[in-house]
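Letter by letter, the chains look like this.
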Amino acid sequence: MARVRALLNSLFPTARRAPGGPRKPVEVRRQHNIFEAAATYVTGCVEDDQDRIDEAVTWVSPEALSFGLNELACRAVIALARERDEPPETVARSLLGLPPV
């Protein structure tokens with residue numbers, strides 16, 4: 001219902017305010033997806049930016065953020081493995097400071 005009202009107000013601005021009256025800006029809240037949340041969260045962690053971390057965790061559910069972080073980690077390890085011409089397990093263990101198997 002609120003979306004319909006906002007749409008009608010944007011189409012017919014004179015119906016919602018007096019002529020010449022001040023017009024309030026409409027705040028549009030953008031929806032973020034799990035991959036944006038994961039990228040922002042990780043960037044915040046790397047840069048030690050608690051505000052960015054706090055913002056990212058409000059964008060999606062904890063489960064969705066966890067999935068996004070897992071997907072980001074997998075893609076990063078695959079990209080580094082290809083770049084280094086090494087197996088993904090070797091790269092993952094190296095990034096975590098674990099000894100090779």
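Report on the accompanying structure. In this text the structure is predicted, and so the values were computed from the model without any measurement.

Considering the overall build of the protein chain
Part 1: The helix and strand tally for the protein chain stands at 5 helices and 0 strands.
Part 2: Ordered by position from N to C terminus, the α and β elements of the protein chain give α-α-α-α-α.
Part 3: In the protein chain, which comprises 101 residues, the share counted as buried stands at 14%.
Part 4: Here the contacts in the protein chain between residues at least 6 apart in sequence split such that 36% fall between residues at least 24 apart.
Part 5: Accessible surface, the protein chain: about 8300 Å² in total, of which carbon and sulfur atoms supply 58%.

Here we look at the packing of helix α2 (residues 34-46) against helix α3 (residues 50-59)
Part 1: Running from N to C, α2 and α3 cross one another at 160°; their axes reach a closest spacing of 8 Å. With respect to α3, the axis of α2 lies roughly antiparallel. The interaxial crossing formed by α2 with α3 has left-handed handedness. Side by side, α2 and α3 meet where E36, A37, T40, Y41, T43, G44 and C45 of the first sit next to R52, I53, A56, V57 and W59 of the second.
Part 2: Across the contact of α2 with α3, the residue classes tally to 7 nonpolar, 3 polar and 2 charged.

So, the nonpolar core
Part 1: A37, A38, W59, V60, A64 and L65 together form the largest nonpolar core, which totals 6 residues.
Part 2: Looking at this core, the elements with two or more residues in it are α2 and α4 (62-84).
Part 3: Those residues in contact with L65 that sit more than four places away from it in its chain are A37, A38, Y41, V57 and V60.

Structural notes on the layout of surface pockets
Part 1: Put simply, the largest pocket is a space of about 160 Å³.
Part 2: If you go around the largest pocket, the residues you meet are V42, L69, L72, A73, A76, V77, A92, L95 and L96.
Part 3: Counting residues per element, the ones that place at least two in the lining of the largest pocket are α4 and α5 (88-95).
Part 4: The greatest single-element share of the lining of the largest pocket, amounting to 5 residues, is contributed by α4.

Overview of the pattern of salt bridges
Part 1: Under the counting rule described, the total for this entry stands at 3 salt bridges.
Part 2: One salt bridge connects D49 with R52, and the closest N-O pair in it is separated by 4.0 Å.
Part 3: We note a salt bridge from E71 to R75, for which the minimum N-O separation is 3.0 Å. Linking E71 with R75, this pair stays in helix α4, spanning 4 residues, or about one helical turn.

Definitions and limits used
- For every chain, the first residue of the written sequence is number 1, and numbering continues from 1 along that sequence.
- Since the coordinates come from a predicted model, pLDDT governs what is reported: local features require at least 70, and pairs of side-chain atoms require 80 or more to be given and counted, while whole-chain, interface and lining totals use all residues.
- Calculation of side-chain values draws on the structure's entire complement of heavy atoms; hydrogens and water are dropped beforehand.
- Segments assigned H or I by DSSP are reported as helices when at least four residues long, segments assigned E as strands when at least two residues long, and all are numbered from the N terminus.
- Think of it in three bands: residues with accessible area under 20% of the maximum for their type are buried, residues over 50% are exposed, and the middle band is partly exposed, with areas taken using a 1.4 Å probe on protein chains only.
- By the convention used here, residues are in contact when the closest approach between their heavy atoms is within 4.5 Å.
- Here the accessible surface of atoms and residues is derived via Shrake-Rupley with a 1.4 Å probe, and residues count as covered only by protein chains that are part of the display.
- To obtain an axis, a line is fitted to C-alpha atoms, over the contacting stretch when the element is a helix, and the angle between two such axes runs from 0 to 180 degrees between their N-to-C directions.
- Roughly parallel here means an angle under 35 degrees, roughly antiparallel means over 145, roughly perpendicular means 65 to 115, and every remaining angle is called oblique.
- Crossing handedness follows the turn of the near helix against the far one: under a right angle anticlockwise gives a left-handed crossing, and clockwise gives a right-handed one.
- Here the nonpolar group is Ala, Val, Leu, Ile, Met, Phe, Trp, Tyr, Cys and Pro; Asp, Glu, Lys and Arg are the charged ones; every other residue, Gly included, is treated as polar.
- Take the buried residues of types Ala, Val, Leu, Ile, Met, Phe, Trp, Tyr and Cys, join any two whose side-chain atoms come within 4.5 Å, and each joined set is a nonpolar core.
- Using protein atoms alone on a 1 Å grid, points that fit a 1.4 Å probe yet trap it form a cavity, whereas open point sets bounded by protein on both sides within 12 Å along at least five of seven lines form a pocket; residues with an atom within 4 Å of a point count as lining.
- Grid points are joined across faces, edges and corners, and a volume is the space filled by probe spheres set on the points.
- Note on definitions: salt bridges are taken to be side-chain nitrogens of Lys or Arg within 4 Å of carboxyl oxygens of Asp or Glu.

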